[in-house]
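These are the residues of each chain, in order.
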Amino acid sequence: MKFLKLLLLLFVVQTQAQQGGMWVPSLLKGMNETEMKNLGMKMTAKDIYDVNQSSMKDAVPHFNGGCTSEVISPKGLILTNHHCGFDAIQKHSSVEHDYLTDGFWAYKMEEELPNENLTVTFIVKIEDVTTQVLAGVSSLSSEEEKQKKIQENITALSNSLPKESWQENKIRTFYEGNQYMLFVTETFKDVRLVGAPPTSIGKFGSDTDNWVWPRHTGDFSLFRIYADKNNRPASYSKDNVPYTPKHFLPISLDGIQEDDFTLVFGYPGRTNEYLPSVAIEQIVNELNPAKIEIRDRALKVEDGFMRKDNAIKIQYASKYASTANYWKKWIGETQGLKKSNAVVLKKEAEKEFQVKISKAGKDQEYGSLFSEFEKNYTEIAPYALSRDYFSEVILRNTELPGIGFKLFQLEQVYNTKGEQSFTDRKNNLINSLDEFYKNFNPAVDEKVFEQLVELYATKSPKQFLPSNLTNVNSAKLATDIYSQSKLTSFSKLKELLTGDSKTVIANLNNDKGFQFVKEVAEKYLKEVAPKYDALNLKISALQRTYMKAQLELNKDARLFPDANSTLRVTYGKVKGYEPKDATVYTPVTYLDGVMEKYIPGDYEFDVPSKLIELYNNKDYGEYGENGKMPVCFIGTNHTTGGNSGSPAIDANGNLIGLNFDRVWEGTMSDIYYDPSICRNIMVDIRYVLFIMDKYAGAKNLIEELQLVHPKKNNPLKKNILHKKTK
Ligand code: ARG
Ligand code: GLU
């Protein structure tokens, strides 16, 4: 009986551990550590995060503020995704050295390529500073005053809390304002490109396969951190030396199997796991469909041009990919939320919680939460929709209006800050727009504009439409603007910005493109933004109270703080899933699948001849498994945007893969994690090694690594064999 109970408990713990969650690495002791051990982890919480000694967290820096990377050698070699290194790879590419098409490999350190403005940031320590941040806040009555006081406290604390001169203090909020954490960080500024496979490996499958399982992408690239002679952060200098890390990840050659423990360590950007059902309804029924429709139209127009004209294809490839990325994600998210019945399930949970509030005698404090949510979300609905139209149509997916908006802001700077600020800003703008115009094609943008303005005019809330969008003929408007505005080329724009401030502003106000944007922006800033912001502030306060109530009353629930671009641990197992009726996905793909998808000459599914040769000869070295080459695998780790490049780690702390995506059916995990269909996608580390070694011949890099065999009988012997690292 006792044994049965224990078994049952184990079962509960095991299944719970697969319910997702992104946990703060300094707070794993207790529930998380127990869950992880039950899933098979052999490490302790201290191996992952330790203030006093080096630990795994010292090998996982934030990559350029948006992605994650991991240190894999004693000489500061780091691994991240190809799509995270894409800009750097692209910037070094030219017609003569096309590193995107051909790949890039530094066979000596001298060949590694410096990158201006590319940084990686390590976490030195994490500390709870809630009490200090909230000091003097509770006595204030209005939400505005509270937020102001919190900001003041944060600034003061960031300046006064102890740190070394080369470090930074950053304070971030957790649990929607119920907890504040200090991060002491170190940012390295000399990060050089070391290796990248050709796009036909690193981005194999491109947009068609994006967010999709089964996947066959070798989405990785390699960089190296350089430091000054004291191993501290320094700007680029040829005298800098490879950084010596506090910790680097050993790499397992033993591969993975279904149900193996996995841990993903990285910097998830943003999630909304504690939204009330009314908010999710709004996302599913209004906001996502509107954004999807807008991008759908923009993508169709761009695709039409790109297919006919190779120059346009190059100009728009990167923009197209980034527009398509979230377009596709929102489609998957919307379907997943519907399929998993998220709204109904949340509604039921809210009913139960309402009862719990009453039983706890907390009606006074929390009793009206859900009715308040209902009221405020209903009120914000038209403003939120209008805001999405403004940002998706004017700022995000058309280009001339985006420039128009920057110029409108320039005029505002003149009005509020005067001549000098205006001139500084104007010069900055001119500098930054040079690059922009190289990839701008007015013919493409005019067609996108025509399509998107029509949507804005007919589908966004009528009461907030400016007069130039009421009963508008969008085709005629597009022709008028694009034939007359000076915003269509860099030279004309410079002309428009020449002269003293008065002249420039007068000229701007005579420009058809500027006039259009100004009218739309003024209407938006006057009638939508202030009301949206005010309601949003109320909603944030409600979310904070709701979170507080859950922390108080759902003590045994697995409440993790929403992602906020800080370092988190998520864990689970290697696992397949059933995306739809009668379809079962297994968790590992192989090089055979790459060959099945191969379309010679296709821009998404071409395969380099060297890779085909290696495949035909089954020349996989020690990286293959039973005559096959594993490529990607999936697991139940709860990840989101920002986790790109995150290390996937085995039970012993060795690197087994590199996170780069999620499966389409499960992208709603940002709002609602359903363990049956939410999976993260990782490249198998053996595929990375195979490409580095067999494909690229970069033995110099392989030599730096610590390759281990944790699953095989004789780990130590092998380990020494590979430890040529010194
Ligand atoms: N979906 C992945 C992530 O959000 C990969 C994106 C890059 N790849 C692409 N084909 N657009 O960001
Ligand atoms: N590709 C994403 C990134 O850039 C990770 C995929 C996701 O959203 O989970 O971070």
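Residues numbered from 1 in each chain as written. Chains lettered and ligands numbered in written order. Predicted model: local features only at pLDDT ≥ 70, side-chain atom pairs only at ≥ 80, totals over all residues. Heavy atoms only, no water.

### Points about the state of the cysteines
Each disulfide is one covalent bond, formed between the sulfur atoms of two cysteines.
Phase 1: Per the counting criterion, the structure on display carries one disulfide.
Phase 2: Unpaired in terms of disulfides, Cys 632 finds its nearest cysteine sulfur in Cys 84, a separation of 15 Å.
Phase 3: Under the relative-accessibility criterion, Cys 632 is labelled buried at 0%. (Disulfide = S-S within 2.5 Å. Buried < 20%, exposed > 50% of the residue type's maximum accessible area, 1.4 Å probe, protein only.)

### Observations regarding unusual backbone geometry
For residues other than glycine, phi is negative in most cases, and the peptide bonds are mostly trans.
Phase 1: Residue Pro 214 is bonded to the preceding Trp 213 through a cis peptide linkage, with omega at 0°.
Phase 2: Here Asp 259, not a glycine, exhibits a phi torsion of approximately 80°, which is positive.
Phase 3: With respect to the helices and strands, Asp 259 occurs in the loop between strand E13 (251-252) and strand E14 (261-266).
Phase 4: Backbone geometry at Lys 618 places phi at a positive 50°, although glycine is not the residue there.
Phase 5: Structurally, Lys 618 is set in the loop between helix H23 (609-616) and strand E19 (630-635). (Helix = DSSP H or I, 4+ residues; strand = E, 2+ residues; numbered from the N terminus.)

### Quick notes on the pattern of salt bridges
Phase 1: Per the stated rule, a full pass over the model turns up 42 salt bridges.
Phase 2: Taking the shortest distance from any N to any O, the salt bridge between Lys 486 and Glu 495 comes out at 4.0 Å.
Phase 3: Given a relative accessible area of 28%, Lys 486 falls into the partly exposed group.
Phase 4: The residue Lys 523 makes a salt bridge to Glu 527 at a minimum N-O spacing of 3.2 Å. Placement of both Lys 523 and Glu 527 in helix H21 (residues 512-553) is noted, with a separation of four residues, approximately one turn of the helix.
Phase 5: Assessed through its relative accessible area of 22%, Lys 523 is described here as partly exposed.
Phase 6: The network of salt bridges with shared partners includes Lys 329, Glu 333, Arg 662 and Asp 670. (Salt bridge = Lys/Arg side-chain N within 4 Å of Asp/Glu carboxyl O.)

### Re the side chain of Asn 397
Phase 1: As for its position among the elements, Asn 397 is in helix H14 (residues 369-397).
Phase 2: Asn 397 gets classed as buried once you look at its relative accessible area, which sits at 6%.
Phase 3: One polar contact links Asn 397 to Glu 392, side chain to side chain, over a distance of 2.8 Å.
Phase 4: When neighbours within four sequence positions are excluded, Asn 397 is seen to be in contact with Ile 294, Arg 295, Ala 298, Thr 323, Glu 392, Val 448 and Leu 452. (Polar contact = N/O pair within 3.5 Å; in protein donor to acceptor, adjacent residues only side chain to side chain. Contact = heavy atoms within 4.5 Å.)

### What about the sheet that holds strand E1 (residues 62-63)?
Phase 1: The sheet built from five strands is open, its strands ordered E2-E1-E7-E9-E8 with antiparallel pairing. Taken across any chain shown, the strands that pair with only one partner, and hence form the sheet edges, are strand E2 (67-68) and strand E8 (167-174).
Phase 2: Bridging between E8 and strand E9 (residues 179-188) involves eight bridges; their strand directions are antiparallel. Of the residues in E9, the one forming a bridge with Phe 174 is Gln 179.
Phase 3: Relative to the sheet, helix H7 (residues 143-160) contacts E8 and E9, its axis offset from that of E8 by approximately 155°. (Pairing = 2+ DSSP bridges. Axes fitted to C-alpha atoms, helices over the stretch in contact; angles between N-to-C directions.)

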